[in-house]
Amino acid sequence: MLKLGLIGYPIQHSLSPWIHEQLMAQQNVKGSYELFEIQPENFNQEIKSLKNSRLDGFNVTVPYKEKIIPYLDEIDESARALGAVNTVKCKGDQWIGYNTDGLGFVDSLIHRYPESTKYGNKALILGSGGAARGIYHALADTSLQRVDLANRTIERAEEIIQDRPVTIQSNALDLHQASERMVDYDLIIQTTTVGMSPDTNVVVPIKDLKEGAVVCDIVYRPIKTKFLKTAQKHGASLHFGHEMLLQQAVYAFKIWTQTKPEAEPLLSKFEEKLKGV
Ligand code: ATR
């Protein structure tokens, strides 16, 4: 019996139990995925009792992706570089930390649009929170020629670029500059919370897009945000947040089980599920 779970606060509305139960069924693995909602003031004590609960692995979400690090015995290189962990594998009482956020994004993107990160292409990330940081690191490891970051608070974009050893050309932009220059990019990824239901705004207006541009939004409620709808009107190919979410969970499941789960067969069922929540 596989024992999995999620720590975070608040997490009652998490889709992770549903996703991992589907993956267990797909891989013929028996087990459970439990929610461990931990109040911030009880974190230290609850984590210590989790050590004794014989879990095989767990996910970590807001606000504990950084706070979990001192409790780990090992940390994967990419999670260390990011300074954030979203997946922990438990080997007895040894905990090993990983981060599947950015990798899940790039994997799902390349699966859908194999040419989108090819050499010579330029990408623009809108937003500079934790999600943007993970995606930036994962994109910097592809063949892309340039990955720029745009944010309302430009200093946060600059910080992400400075924190990574120089391996790729990058500029920090404000949102006005991003809107003006959007036509230069082959790949645009919206990572802010703008457009998340019930909000129906766009983080920046889309004036013009490059021919053949791929536009992604990590927001998955609604599945097609106003940003994606506008991008589609300008001729873009779209990539959706729920596909990335699913792929990131697939990555975590692989780390825990050494099976080869697949996101694709779950996609339409997941879309139905999202319409109902
Ligand atoms: P996450 O870790 O999920 O990425 P976060 O760290 O709270 O979340 O980051 C949220 C992102 O959405 C940030 O880029 C934030 O911009 P600031 O850094 O300037 O705060 C962006 N964001 C949130 N609300 C916004 C708004 N109304 N307009 C523009 N950007 C917004």
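To start, this report covers the structure provided alongside it. No experiment lies behind these values; they were computed from the predicted model shown.

## A short note on the site of the ligand
Near the ligand there are 14 residues, and of these S128, N151, R152, T153 and R156 occur at the shortest range. The separation between an oxygen atom of the ligand and a polar side-chain atom of R152 is 2.9 Å. Its free accessible area being 650 Å², the ligand has 67% of it covered by the protein chains. Partitioning the shell around the ligand into residue classes produces four nonpolar, eight polar and two charged.

## Regarding a positive patch on the surface
Judged by side-chain charge, K224, K226, K229 and K233 come together as a positively charged surface patch. Its location among the elements puts K233 in helix α8 (residues 226-233).

## Brief notes about α8
Taken together, the buried positions of α8 are occupied by F227, L228 and A231. Viewed along the axis of α8, the buried residues span an arc of 95°, placing them on a single side of the element. Elements in contact with the buried residues of α8: β7 (122-126), β10 (187-190), β11 (214-217) and β12 (237-239). At the C-terminal side of α8, G235 shows a positive phi close to 90°.

## Re the packing of aromatic side chains
In the structure shown here, the tally under the stated rule is four aromatic pairs. Taking the centre distance of 5.6 Å and the plane angle of 20° together, the rings of W18 and F270 count as stacked. One end of the pair, W18, is in helix α1 (residues 16-26); the other, F270, is in helix α10 (residues 267-275), and 252 residues separate them in sequence. When sorted by exposure, W18 lands in the same class as F270, which is buried. Ring geometry for F43 versus Y71: centroids 5.6 Å apart, planes at 80°, classification edge-to-face. Of this pair, F43 sits in helix α2 (residues 43-51) while Y71 sits in the loop between β3 (57-60) and β4 (74-75), and the two are 28 residues apart along the sequence. With relative accessibility at 3%, the residue F43 sits in the buried group. Taken together, the ring pairs connect F43, Y64 and Y71 into an aromatic cluster. Looking at K51, its charged tip hangs above the ring of W95, at a distance of 4.6 Å from the centre. The ring of Y251 carries the charged tip of K254 above its face, separated from the ring centre by 5.6 Å.

## A few points about the sheet that holds β12
Strands sit in the order β9-β8-β7-β10-β11-β12 across an open sheet of six strands; the sheet is parallel. Either end of the sheet is taken by a strand with one partner, and the two such strands are β9 (172-173) and β12. Bridge analysis of β10 against β11 gives four bridges, and the strand direction is parallel. Within β11, the position partnered with I188 by the bridge is V215.

## Examining the pairing of strand β5 (residues 87-91)
Within β5, four of the five residues are buried, which leaves the element mostly enclosed by the surrounding structure. By the bridge criterion, three bridges tie β3 to β5 in an arrangement that is antiparallel. Across the sheet, residue N59 finds its bridge partner in β5, namely T87. Pairing of β5 with strand β6 (residues 94-98) involves five bridges; the strand directions are antiparallel. Across the sheet, the residue bridging to K91 is Q94, located in β6. Connecting β5 to the antiparallel partner β6 that follows it, the hairpin turn spans two residues, and G92 within it adopts a positive phi of roughly 65°.

Definitions and cut-offs
- Residues numbered from 1 in each chain as written.
- Predicted model: local features only at pLDDT ≥ 70, side-chain atom pairs only at ≥ 80, totals over all residues.
- Heavy atoms only, no water.
- Near = heavy atom within 4 Å.
- Polar contact = N/O pair within 3.5 Å; in protein donor to acceptor, adjacent residues only side chain to side chain.
- Areas by Shrake-Rupley, 256 points an atom, 1.4 Å probe, with all protein chains shown as cover.
- Nonpolar A, V, L, I, M, F, W, Y, C, P; charged D, E, K, R; others polar.
- Patch = residues over 30% accessible without salt bridge, like charges linked within 9 Å, V, L, I, M, F, W, Y side chains within 5 Å.
- Salt bridge = Lys/Arg side-chain N within 4 Å of Asp/Glu carboxyl O.
- Lys, Arg positive; Asp, Glu negative; His and termini not counted.
- Charge placed at Lys NZ, Arg CZ, Asp CG, Glu CD.
- Helix = DSSP H or I, 4+ residues; strand = E, 2+ residues; numbered from the N terminus.
- Buried < 20%, exposed > 50% of the residue type's maximum accessible area, 1.4 Å probe, protein only.
- Arc of directions from axis to C-beta.
- Contact = heavy atoms within 4.5 Å.
- Phe/Tyr/Trp six-rings, centres within 6.5 Å; stacked < 30°, edge-to-face > 60°.
- Lys NZ or Arg CZ within 6 Å of the ring centre and 35° of its normal.
- Pairing = 2+ DSSP bridges.

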